[in-house]
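Letter by letter, the chains look like this.
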Amino acid sequence: MRPIIEFCISNLANGAQKALEQLERDPNLDIIEYGCLSYCGKCARSLYALVDGEPVSADTPDELVEKIYQYIEENPLF
């Protein structure tokens, strides 16, 4: 089972698009875009994505990618 990374379309427009594009190159991840993930406060303050249902946030797209991979490494699915 591959990790699922979910992005809010509004957060993509706020700068997370670069992170999504980097993560889409990884065939071991499932990337999903939604209109809203109901994390509006977090969305307004920082870049974020849900990783297997848990929010991961950062200040820059590169930092977000790094934190997503760190979360996956520290929280294996098995």
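Residues numbered from 1 in each chain as written. Predicted model: local features only at pLDDT ≥ 70, side-chain atom pairs only at ≥ 80, totals over all residues. Heavy atoms only, no water.

1. Points about the pairing of strand β3 (residues 47–51)
Counting buried positions along β3 gives 5 out of 5 residues, so the element sits mostly inside the fold. Of the two faces of β3, both are covered, the one formed by Leu-47, Ala-49 and Val-51 as well as the one formed by Tyr-48 and Leu-50. Relative to β3, strand β1 (residues 4–8) runs antiparallel, the two sharing 2 bridges. Along β3, the bridge assignment pairs Glu-6 with Leu-50. Note: β3 against strand β4 (residues 54–58), 5 bridges, orientation antiparallel. (Buried < 20%, exposed > 50% of the residue type's maximum accessible area, 1.4 Å probe, protein only. Helix = DSSP H or I, 4+ residues; strand = E, 2+ residues; numbered from the N terminus. Pairing = 2+ DSSP bridges.)

2. A few points about the side chain of Glu-6
Within the secondary structure, Glu-6 sits in strand β1. Discounting residues that sit within four places of it in the chain, Glu-6 has contacts with Ile-32, Tyr-34, Leu-37, Ala-49, Leu-50 and Gly-53. (Contact = heavy atoms within 4.5 Å.)

3. Some details on the nonpolar core
One finds Ile-5, Phe-7, Leu-23, Leu-64 and Ile-68 to be the most contacted residues of the largest nonpolar core, which totals 17 residues. Of all the secondary structure elements, the ones that give two or more residues to this core are β1, α1 (9–24), β3, β4 and α3 (61–74). The residues contacting Leu-23, other than those within four sequence positions of it, are Ile-5, Phe-7, Leu-29, Ile-31, Val-65, Ile-68 and Tyr-69. Judged by nonpolar contacts, the second largest core, of 5 residues, contains Cys-8, Cys-43, Tyr-48 and Leu-50. (Core = buried A, V, L, I, M, F, W, Y, C linked by side-chain atoms within 4.5 Å.)

4. Let's talk about the sheet that holds β4
Strand order in this open sheet of 4 strands is β2-β1-β3-β4, and the pairing throughout is mixed. What marks the edges here is a single partner per strand, and that holds for β2 (30–34) and β4. Within this sheet the neighbouring strands show an average axis-to-axis angle of 30°, counted without direction. With respect to the sheet, α1 is in contact with β1, β2 and β3, its orientation differing from that of β1 by roughly 150°. Sitting on the sheet, α3 is in contact with β1, β3 and β4, with an inclination near 145° to β4. (Axes fitted to C-alpha atoms, helices over the stretch in contact; angles between N-to-C directions.)

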